[in-house]
Amino acid sequence: MNKGAVLVTGASSGIGLEIAVFLARKGYRVYATMRNLERRAELDAAAARHKVELDVLQLDITDEASIHAAVGTIASRSGQLYGLVNNAGAILRGYFEDVSDQELRGVFEPNVFGTMTLTRAVLPMMRQARRGRIIIMSSTGGRLGSPGNSAYCASKFALEGFAECLLQEMVLFDVQVSLVEPGLISTELFGRNRQIASRAMAADSPYREWFQKLEQLTDDEVKSAVVTPTNVAEVVFEILEAKRPRLRYLVGRRGRFLINLRRYLPGEIFDRFWIREMTRRVRGTKA
């Protein structure tokens, strides 16, 4: 049974691929999109393995013409769009002073402006149908900052504010907005898609030693991560199926623990704890 059409961005690998295949298995007509269709082999193999069909489309969320072409194709094939999963994005690691303006914009273009532009393009279909789900892939890094992640966390904090506002605007049309906030997951964002600021490893960077230590700590955490792309896909499915989905869905026990700790501790106490903990870990000594 076809439950409706869902558009998933960044579906060539990792979380986006898992979401696309998972939703297709659950009966949704999935438009799995990616910037470069030459990278669709992994997605096609997963779809074949699970015996599901996907509509695979080219979509670059930083290209407005590409966005309108993809949305137009979906409108002509399905007439309506029930769900949008804004999964595509970029990560950039490096201490803020080592991040150039061009690199910073390279994170905000897909993570924030691309997400906003694509969302705006699909809203008329959902508004006219008076139903729909906008799902935005945020992160625990959209609730809690950390050193070496200023560009990425700032972009995710922006998405959190965007989603809060959008929900209050679209609920008038019975269109729901939800944020998915996973903790660390072992995906290609920490593999071949990993991006490091050009000056982060420069010999004259005052942060080089700390950044190297931070990268090793991150690698260790990624290797031991218990949250999987399937866990995220299950949450996305839950949002699509829920009559009244929540605004925020945390994925992973560690992230849930930290955010709950921040919620219940007085703000200044938590901030002192978190800054001391991160400083201790990077320095390798007590702060």
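Relevant structure appears above.
Every value quoted in this text rests on a predicted model; they were computed, and no experiment measured them. In this convention, every chain numbers its residues from 1, walking through the sequence in written order. Given that this is a predicted model, residues contribute local features only at a pLDDT of at least 70 and side-chain atom pairs are listed and counted only at 80 or more, while totals for whole chains, interfaces and linings are drawn from all residues. To get the side-chain values, all heavy atoms of the structure are used, and hydrogens and water are removed first.

**Considerations on the pattern of salt bridges**
Definition used for salt bridges: Asp or Glu carboxyl oxygen within 4 Å of a side-chain nitrogen of Lys or Arg. Evaluation of the coordinates by the stated rule reveals 15 salt bridges. Among the ionic pairs, Glu-160 bridges to Arg-248, the shortest N-O distance being 2.7 Å. Of this pair, Glu-160 sits in helix 5 (residues 150–170) while Arg-248 sits in strand 7 (residues 248–251), and the two are 88 residues apart along the sequence. Think of it in three bands: with a 1.4 Å probe and only protein chains considered, a residue is buried below 20% of the maximum accessible area for its type, exposed above 50%, and partly exposed in between. Classification of Arg-248 by relative accessible area gives partly exposed; the value is 24%. Between Glu-268 and Arg-272 there is a salt bridge, and its shortest N-O distance comes to 2.8 Å. One end of the pair, Glu-268, and the other, Arg-272, are both in helix 9 (residues 267–283), four residues apart, so they sit about a helical turn from each other. What you see here is one network of salt bridges that share partners, running through Arg-143, Glu-160, Glu-164, Glu-181 and Arg-248. Helix and strand definitions here come from DSSP, where helices need a minimum of 4 consecutive H or I residues and strands a minimum of 2 consecutive E residues; each element is numbered from the N-terminal end.

**Focus on the packing of helix 1 (residues 14–25) against helix 7 (residues 229–241)**
In this analysis an axis means a line fitted to C-alpha atoms, helices contributing only their contacting stretch, and an angle means the value between N-to-C directions, from 0 to 180 degrees. One way to put it is that helix 1 packs onto helix 7 with a least axis distance of 8 Å and a crossing angle of 50°. The orientation of helix 1 with respect to helix 7, classified from their angle, is oblique. The hand of the helix 1/helix 7 crossing is right-handed. On the side of helix 1, the interface is formed by Gly-14, Ile-15, Glu-18, Ile-19, Phe-22 and Leu-23, while helix 7 contributes Pro-229, Thr-230, Val-232, Ala-233, Glu-234, Val-236, Phe-237 and Leu-240. Angle categories are assigned with fixed cut-offs, so that under 35 degrees is roughly parallel, over 145 is roughly antiparallel, 65 to 115 is roughly perpendicular, and the rest are oblique. By the definition used in this description, the sense in which the near helix is turned from the far one sets the handedness, with an anticlockwise turn below a right angle giving left-handed and a clockwise turn giving right-handed. Should any heavy atoms of two residues lie within 4.5 Å, those residues are counted as being in contact.

**Concerning the packing of aromatic side chains**
Centre-to-centre distance and the angle between the planes together describe a pair of aromatic rings. Note on aromatic pairs: the rings of Phe, Tyr and Trp (six-membered ring only in Trp) are paired at centre separations within 6.5 Å, and the planes decide the class, stacked below 30 degrees, edge-to-face beyond 60, tilted for the rest. In total, this model carries six aromatic pairs according to the counting rule given. When the centroid spacing of 6.4 Å and the interplanar angle of 10° are considered together, the rings of Tyr-28 and Tyr-82 count as stacked. Taken together, the residues Tyr-28 in the loop between helix 1 and strand 2 (29–34) and Tyr-82 in the loop between helix 3 (64–78) and strand 4 (83–86) connect sequence positions 54 residues apart. As far as burial versus exposure is concerned, Tyr-28 and Tyr-82 are alike and both buried.

**Digging into the pairing of strand 6 (residues 175–182)**
Extensive coverage of strand 6 is indicated by the burial of eight of its eight residues. In strand 6, alternate side chains face the same way, and those of Val-175, Val-177, Leu-179 and Glu-181 on one face and Gln-176, Ser-178, Val-180 and Pro-182 on the other are all buried. Two strands are counted as paired when DSSP detects at least two bridges linking them. Note that strand 5 (residues 132–137) and strand 6 share six bridges and pair parallel. The residue of strand 6 that forms the bridge with Gly-132 is Val-175. Consider the strands pointing away from the viewer: the crossover is right-handed when the path from the first strand over the helix to the second runs clockwise. Following the chain from strand 5 across helix 5 to the adjacent parallel strand 6, one finds a crossover that is right-handed. Relative to strand 7, strand 6 is paired through four bridges, and the arrangement is parallel. Bridge assignment links Glu-181 to a residue of strand 7, and that residue is Leu-250.

**Comments concerning the environment of Glu-268**
Under the relative-accessibility criterion, Glu-268 is labelled exposed at 53%. In protein, a polar contact requires one atom able to donate a hydrogen and another able to accept it; more generally it is a pair of N or O atoms within 3.5 Å, and residues adjacent in sequence count only if both atoms are side-chain atoms. A polar contact is formed between the side chain of Glu-268 and the side chain of Arg-272, at a distance of 2.8 Å.

**A few points about the environment of Ile-61**
On the secondary structure map, Ile-61 appears in the loop between strand 3 (55–58) and helix 3. On the basis of relative accessibility, which here comes to 9%, the residue Ile-61 falls in the buried class. Between the C-alpha atoms of Ile-61 and Asn-260, which are 199 residues apart in sequence, the distance is 33 Å.

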